[in-house]
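Topology and contacts: notes
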Amino acid sequence: MKRKLDQDNIPAEVPAAKTTADSGNPAAEEATFDRLGLDSRILQALVKEKFPKPTLVQAKAIPLALEGKDILARAKTGSGKTAAYLLPILQSILKKKSTVSSVKGTSALILVPTRELADQVSKAVTAFSAYCAKDVRSVNLTQKVSDAVQQSLLADSPDIVIATPARASLNLNNSALSLEQLAHLVIDEADLVLSYGYDADLKNISKSIPKGVQTFLMSATLTTEVDDLKGLFCRSPVTLKLEEGESEGDGVSQYVVKCGEDEKFLLAYVIFKLKLIKGKCIIFVGDVDRCYRLKLYLEQFGMKSCILNSELPVNSRIHVVEEFNKNVYDVIIASDEHEVVGEEDDEESTSKKIGSDEQGNAAEGEGHDNETQPAKKKRKAPKRDKEYGVSRGIDFKNVACVLNFDLPTSSKSYTHRIGRTARAGQTGMALSFVVPKELYRKHKPTSIPSTEHDETVLAKIIKHQAKRGKEVKPYHFDMKQVDAFRYRMNDALRAVTGLAIREARTRELRQELLKSEKLRRHFEENPGDLYHLRHDHELRSARIQPHLRHVPEYLIPKEGRKALAGSDGDHLGFVSMRKETDNRIRKARMQNKYRNKGKRGSGGGRKSDPLKSFNAKGKK
Ligand SMILES: Nc1ncnc2c1ncn2[C@@H]1O[C@H](COP(=O)(O)OP(=O)(O)OP(=O)(O)O)[C@@H](O)[C@H]1O
């Protein structure tokens, strides 16, 4: 279908300059929430949330939304699109309630592709309506409660309903959800929602939307999917196309490293063990097994990480994100299982789900497939949640680096993944491992369902980033320096057998299921016990090799940071391997240690090197 997301769709009364062309308008940039004419209770909540002024997309969208216009907004990831639609909706609900005495009925339906996102939007509604909670009631239909409980919540006519299209459609079909009073419809992550297989649900919902409902389509990329949704739900929306360079905090530095499959593990070891990344990091891998392989591998070196994948119970997933945002964990390994085939701004973009054969059953009986299809024969394969997704829309806070350990298979997925860093005006870095064509066939993990090799995908990524004025730069590790760590990598990888991965996966799933809602409630009441809820414990299914936990002195490249991180390492989020002061202290310690023994420097150090004195039985 031909894409048509341009100014020709803008209603006559809104001058074109107000949409795409005036994104740099200083007046808009100087906007304050006060000037937007929002209710004082909302303003109070914004102060509490420490939102000093509207972001660009908020400054643009809120006034138009308050005029009742349909909005199609494309703005970069992390630019504040949630408040851009929530604030005018809350304003409208409060206004209605102040004029009509007993308003009953659902005013706003917010559709999101994943449960994680539904939880996040639900929390945002609670935060923004903190000072008018009695006037604004909302329900998140993706929460794990029985159908009867859900129906009773809906029977109370909440003002705002947040759901995946599947949950909304199901509740419409069984008449639990009524949209008769609907005034606002939001499709968040509009560029992704179809890729989750919600086509039929969205068509079903569209039949129940009353005429004149205000629609918001919020998106980070422009695709034919957005166009399809526009055709289905909008009258003549105002299109806000806020380009990367025009929005504030234009800050992801993007780098690629060409390396073989084994070298990915080698570089990951060097980067994390030598603490070359300053701050929190999200590592994306292609599938669930890869999550465990990498976690077990890092564990070999005593490095902790958490896992996110579609097999884990939704509460555990949400909890991991919450704890990560509270800086409890530094590294998350996330499998990106809902990759979307097709590229940004690509007319041939299709909305297929990669690996969908493995994801036929939604976990926990809540996905739409389970509800509409007869129960299939029990399979041994673990159940996965169709409504899982962490590379899209999730507001991970203060992420310094996104590491694409496995490159995504489309430029669209790439945009969403790197959007987990540099959010809300911050800066961050994205580093992607790219396996060159000649090495790809040899090393490609069979579990990664990619039809294209990394370099083809990279070419598309570079092209699409260039369209936004962004450069994806090559990053050169000095492989000679890194090579010294290769035998340790091999040692560690040998211990991470297929069996160890399977065991770890089963055990993790069992443990996370145990930590489900009841336990979580308990821990909320007893925060002291929270330690037991940690998600970054060691899996310990691989053979333990104590010597790998320490990095012997002689392995540290002499040239320090420059050798590995390059001269501009600091601004990338890379830090020096040893601080200057550390070096001085260590040198002094070494000198003291060997002063009386007639030994000095690294020669003497070898004696205490745990690797050299390693006993096959391990430490007693
Ligand atoms: N006006 C503001 N001032 C300060 N922080 C803000 C403001 N608006 C939003 N934020 C913060 O910015 C972060 C990103 O916001 P949000 O999740 O709405 O972005 P988004 O554009 O929807 O991203 P994505 O496309 O990835 O879904 C959140 O942590 C949010 O609290």
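Residues numbered from 1 in each chain as written. Predicted model: local features only at pLDDT ≥ 70, side-chain atom pairs only at ≥ 80, totals over all residues.

1. Focus: the packing of helix α7 (residues 165–173) against helix α8 (residues 199–208)
Quick note on the threshold: All axes are obtained by fitting lines to C-alpha atoms, using only the stretch in contact for helices, and the reported angles, taken between N-to-C directions, cover 0 to 180 degrees. Every helix listed is a DSSP run of H or I at least four residues long, and every strand listed is a run of E at least two residues long, numbered separately from the N terminus. An angle below 35 degrees is read as roughly parallel, one above 145 as roughly antiparallel, one from 65 to 115 as roughly perpendicular, and any other as oblique. For a crossing to be left-handed, the near helix must be turned anticlockwise from the far one by less than a right angle; the clockwise case is right-handed. Note that contacts rest on C-beta atoms placed from the backbone: two residues are in contact if these are within 7 Å. For this scheme, ten residues count as nonpolar: Ala, Val, Leu, Ile, Met, Phe, Trp, Tyr, Cys and Pro. Four count as charged, namely Asp, Glu, Lys and Arg, and the remainder, Gly too, count as polar.
The contact between α7 and α8 brings their axes to 9 Å, and the two run at 50 degrees. By the angle between their directions, the pair α7 and α8 is classed as oblique. Like other packed secondary-structure pairs, α7 and α8 cross with a definite hand, here left-handed. Contacts from Pro165, Ala166, Ala168, Ser169 and Leu172 in α7 reach Asp201, Leu202, Asn204, Ile205 and Ser208 in α8. A class-by-class count of the residues in the contact of α7 with α8 yields six nonpolar, three polar and one charged.

2. Here we look at the site of the ligand
Quick note on the threshold: The rule is simple: place the C-beta atom from the backbone, and if it lies within 6 Å of a molecule or strand, the residue is near it. Each domain's extent is set by a domain assignment, obtained either automatically or from a database.
Close to the ligand lie 19 residues, the nearest being Thr77, Gly80, Lys81, Thr82 and Ala424. No other element matches the three residues that helix α4 (residues 81–99) contributes to the shell around the ligand. In terms of residue class, the shell around the ligand is built from seven nonpolar, nine polar and three charged. Taken domain by domain, the shell around the ligand gets at least three of its residues from each of domain 1 (16–241) and domain 2 (252–342 + 382–579).

3. Remarks on the nonpolar core
What counts here: We call a set of buried Ala, Val, Leu, Ile, Met, Phe, Trp, Tyr and Cys residues a nonpolar core when their C-beta atoms link them within 7 Å. Three exposure classes are used. Buried residues have 20 or more other C-beta atoms within 10 Å of their own C-beta, exposed residues have 12 or fewer, and partly exposed residues fall in between, all C-beta atoms being placed from the backbone.
Core analysis: the biggest nonpolar cluster contains 142 residues, and Ile283 and Ile332 have the highest contact counts within it. Ranked by residue count, the leading element in this core is α4, at nine residues. Inspection of this core shows a minimum of three residues originating in each of domain 1 (16–241) and domain 2 (252–342 + 382–579). In contact with Ile283, other than residues within four places in its own chain, are Leu294, Val331, Ile332, Ile333, Leu403 and Phe405.

4. Overview of the sheet that holds strand β7 (residues 238–241)
Keep this limit in mind: By this definition, two strands are paired if DSSP reports at least two bridges between them.
Pairing within the open sheet is parallel, and its seven strands lie in the order β3-β4-β2-β5-β6-β1-β7. Bordering the open sheet on either side are β3 (138–140) and β7, each of which pairs with just one other strand. Strand-to-strand twist of the sheet, defined as the mean angle between neighbouring strand axes without regard to direction, takes the value 10 degrees. Of the strand pairs in this sheet, β3 and strand β4 (residues 160–163) are connected by three bridges, and their pairing is parallel. Bridge pairing in β4 places Ser138 opposite Ile160.

5. Re the environment of Tyr414
One can find Tyr414 in helix α14 (residues 411–418). Residue Tyr414 is classed as buried on the basis of its 29 C-beta neighbours within 10 Å. Taking the C-alpha atoms as reference points, Tyr414 and Ala430, separated by 16 residues in sequence, lie 9.8 Å from one another. If we ignore the near neighbours within four places in the chain, the residues touching Tyr414 are Pro408 and Ile461.

6. Some points on the packing of helix α3 (residues 56–66) against α4
In the contact formed by α3 and α4, the axes pass within 9 Å of each other and the chain directions differ by 30 degrees. When the axes of α3 and α4 are compared, the pair comes out roughly parallel. The way α3 lies across α4 gives a crossing that is right-handed. Here α3 contributes Val57, Gln58, Ala61, Ile62, Ala65 and Leu66 to the contact with α4, which in turn contributes Lys81, Ala83, Ala84, Tyr85, Leu87, Pro88 and Gln91. The residue makeup of the contact of α3 with α4, split by class, is ten nonpolar, two polar and one charged.

7. Some points on the pairing of strand β1 (residues 71–74)
Every second residue of β1 is oriented toward a common face, with Ile71 and Ala73 on one face and Leu72 and Arg74 on the other, all of them buried. As defined by bridge partners, β1 adjoins β7 across four bridges and the pair is classed as parallel. Bridging across to β7, Ile71 finds its partner in Val238.

8. Details of the sheet that holds strand β13 (residues 427–434)
In a beta sheet, neighbouring strands are held together by backbone hydrogen bonds and run either parallel or antiparallel to one another. Spatial strand order, β10-β11-β9-β12-β13-β8-β14: seven strands in an open sheet with parallel pairing. Of all strands in the sheet, those bounded by a partner on one side alone are β10 (306–308) and β14 (472–474). Between one strand axis and the next, the sheet turns by 25 degrees as a mean value, whatever way the strands run. Pairing analysis gives three bridges linking β10 to strand β11 (residues 331–335), with the strands arranged parallel. Counted as the bridge partner of Ile307 is Ile333 from β11.

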